[in-house]
Amino acid sequence: MSAQRNRPPRVFTRGDVLALVVYLSISAVLGYLSLESELRSPAGPLVLLCAAGTATLCLWRRRPIVAFAVVLCLLLLTCAAGSGAEIALALIALYRAGAELGSRRGWAALGVGALVACAGALITAFRVRLGPPVHGLALRVDWESWPTDWLSVAIVLTAAMLIASLLGINAGHRNRQVRAIMERAEQDVSIAAAGERERIAREMHDVIAHSLAVMIALADGAEATAAARPDESRRVMGRVAETGRRTLSEVKRLLTAVRDDSGAGQPLPEPPTMRHLPALIEEFRAAGLPLRLEQAGAPEADSAVGLTVYRIVQESLTNVLRHARDVRDVRVRLEFTEHEARIVVTDRSAEAPAAVGHGRGLVGIQERAMFYDGAVRSGALAGGGWQVSVRLSLEEQ
């Protein structure tokens, strides 16, 4: 869609070709009627008007205002010495003015066209009495009825112009509505893509922050036991390597979703849910956290809820692993009811300086809780430690 928008406008469209074919066909028929009779119209003006009308149609795409002014002049000339084919040219111009130039310009063009039509009708009323002949018809001799002829022709021309303008304005309004719908659809796609990229970025932050915290904790443990317990140290380093490989694989698959060539990347990994939570707890236990998991109730089969709970617990425990010192106990309490879910992560640890807190990762937790009209409370505990309490509303899920 963006490629179509950036494509340069075509000089000649199918509508231009159709308008040209219609005009030339009418000009040929009326020209034949004007020349086949003994009372012929002059051939020179017919040819010149046809050539000028064709050139005007070709000029419309580049200079529509100038082309419309020329069409009105041709209307007066064809009423004076032509076959009347340029009247069709004026109707085409009024239709295109309403369809392409907007409703305001379309109505303005109709007003100007109606005035020119009245002038052309007056010229026609005198032409049928003074010449040259029109379509091989004999000249009229009754001068008393010229106002009636003028009024009749003016009404017919004005009515035809009104119909052409209404059709054009209606078509232009419909085309603008279609373009607006397409633009909104494109904007919705762009917003959805941006939202998906934001979700992927959030997932990558959770994955990388968690994995690095675990790997650092394991590496520190392996370093501390390398001299006294080399076998245990090697086993821990194996877990570091395993965590790194798993994280690298997950990051690679997440990055494929950011690529623009849809369908070319690998499928996204299955998002974690509540059933992956025990494995996450064991991973943090292996990294050195004295963890306890307590759960009351269970969420409904909703992967979004499970993913939100999983990521909130993961982020909270990652903050404990990164910032807490001398951790004595960590408790994860999950409570699920029909209307809400509560996640409480509490650690008992040494008091941290004021500049060091667990709130650095709270932004991601708050963003996830917002999707469920949730509330997040966090703060230091008396005697050392930190608590994060999250409430998720499940009433509309």
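Residues numbered from 1 in each chain as written. Predicted model: local features only at pLDDT ≥ 70, side-chain atom pairs only at ≥ 80, totals over all residues. Heavy atoms only, no water.

Caption draft 1: View of the UniProt feature "transmembrane region" (unreviewed entry) in the chain. Under the present numbering, the feature "transmembrane region" (unreviewed entry) in UniProt falls on residues 17-35, 66-95, 107-130 and 150-169. Note that residues 107-130 is 100% helix and 0% strand, and that its end C-alpha atoms are spaced 34 Å apart. Along residues 150-169, the helical share is 100% and the strand share 0%, with 28 Å between the first and last C-alpha atoms. (UniProt positions renumbered as here; feature names shortened; annotations may be inferred. Helix = DSSP H or I, 4+ residues; strand = E, 2+ residues; numbered from the N terminus.)

Caption draft 2: A look at the packing of aromatic side chains. Following the criterion strictly, the structure yields two aromatic pairs and no others. Here the aromatic rings of Phe126 and Trp143 are separated by 5.9 Å at their centres, their planes lie at 50°, and the arrangement is tilted. Of the two residues, Phe126 sits in helix 6 (residues 103-130) while Trp143 sits in the loop between helix 6 and helix 7 (146-225), which places them 17 residues apart along the sequence. Phe126 sits in the partly exposed class, given a relative accessible area of 30%. (Phe/Tyr/Trp six-rings, centres within 6.5 Å; stacked < 30°, edge-to-face > 60°. Buried < 20%, exposed > 50% of the residue type's maximum accessible area, 1.4 Å probe, protein only.)

Caption draft 3: Summary view of a nonpolar patch on the surface. Where nonpolar side chains cluster on the molecular surface, the patch consists of Leu18, Val22 and Ile26 and spans about 230 Å² of accessible area. With respect to the helices and strands, the residue Val22 is situated in helix 2 (residues 14-35). (Patch = residues over 30% accessible without salt bridge, like charges linked within 9 Å, V, L, I, M, F, W, Y side chains within 5 Å. Areas by Shrake-Rupley, 256 points an atom, 1.4 Å probe, with all protein chains shown as cover. Salt bridge = Lys/Arg side-chain N within 4 Å of Asp/Glu carboxyl O.)

Caption draft 4: Here's a closer look at the sheet that holds strand 5 (residues 386-393). The strand order 1-2-3-5-4 describes an open sheet built from five strands, whose pairing is mixed. Of all strands in the sheet, those bounded by a partner on one side alone are strand 1 (291-296) and strand 4 (375-380). Between one strand axis and the next, the sheet turns by 10° as a mean value, whatever way the strands run. Of the strand pairs in this sheet, strand 3 (residues 340-348) and strand 5 are connected by eight bridges, and their pairing is antiparallel. Within strand 5, the position partnered with Val344 by the bridge is Ser389. Against the sheet, helix 9 (residues 277-286) engages strand 1 and strand 2 (329-336), with an angle of about 160° to strand 1. (Pairing = 2+ DSSP bridges. Axes fitted to C-alpha atoms, helices over the stretch in contact; angles between N-to-C directions. Contact = heavy atoms within 4.5 Å.)

Caption draft 5: The arrangement of helix 4 (residues 64-81) in detail. With 18 residues, helix 4 extends 25 Å between its outermost C-alpha atoms, agreeing within 8% with the 26 Å of an ideal straight helix rising 1.5 Å per residue. Residues of helix 4 that are buried include every one of Ala67, Phe68, Val71, Leu72, Leu74, Leu75, Thr78 and Cys79, and no others. What you see down the axis of helix 4 is that its buried residues fit within an arc of 160°, all on one side. (Expected span 1.5 Å × (residues − 1). Arc of directions from axis to C-beta.)

Caption draft 6: Region of interest: the nonpolar core. Counting residues in each nonpolar core, the largest one holds 37 residues, and the members touching the most others are Val309, Val313, Leu317, Leu334, Ile343 and Leu392. Secondary-structure elements contributing two or more residues to this core are helix 7, helix 9, helix 10 (303-323), strand 2, strand 3, helix 11 (362-370) and strand 5. For this core, the element with the most residues is helix 10, which contributes eight residues. With residues near it in sequence (within four places) discarded, Ile343 still touches Val309, Ile312, Val313, Arg333, Leu334, Val388, Ser389, Val390 and Leu392. Counting 28 residues, the second largest nonpolar core, distinct from the first, contains Val71, Ile92, Ala93 and Val116. (Core = buried A, V, L, I, M, F, W, Y, C linked by side-chain atoms within 4.5 Å.)

Caption draft 7: A look at the packing of helix 5 (residues 85-100) against helix 6. Where helix 5 contacts helix 6, the axes come no closer than 6 Å and their chain directions differ by 155°. The orientation of helix 5 relative to helix 6 falls into the category roughly antiparallel. Taken as a pair, helix 5 and helix 6 cross one another with a handedness that is right-handed. Contact with helix 5, carried on its side by Leu94, Ala97 and Gly98, involves Ser103, Gly106, Ala109 and Leu110 of helix 6 and no other residues of that element. Grouping the constituent residues of the contact of helix 5 with helix 6 by class yields four nonpolar, three polar and no charged. (Parallel < 35°, antiparallel > 145°, perpendicular 65-115°, else oblique. Left-handed = near helix turned anticlockwise from the far one by under 90°. Nonpolar A, V, L, I, M, F, W, Y, C, P; charged D, E, K, R; others polar.)

Caption draft 8: Up close: the packing of helix 4 against helix 6. At a closest axis distance of 8 Å, the pairing of helix 4 and helix 6 adopts a crossing angle of 15°. Classified by the angle between their axes, helix 4 and helix 6 sit roughly parallel to one another. Pair helix 4 / helix 6 crosses with right-handed handedness. Of the residues in helix 6, those touching helix 4 at Ile65, Phe68, Leu72, Leu75, Leu76, Thr78, Cys79, Ala80 and Ala81 are Arg105, Ala109, Val112, Gly113, Val116, Ala117, Ala119, Gly120, Ile123, Thr124 and Arg127. Within the contact of helix 4 with helix 6, the residues separate by chemical class into 14 nonpolar, four polar and two charged.

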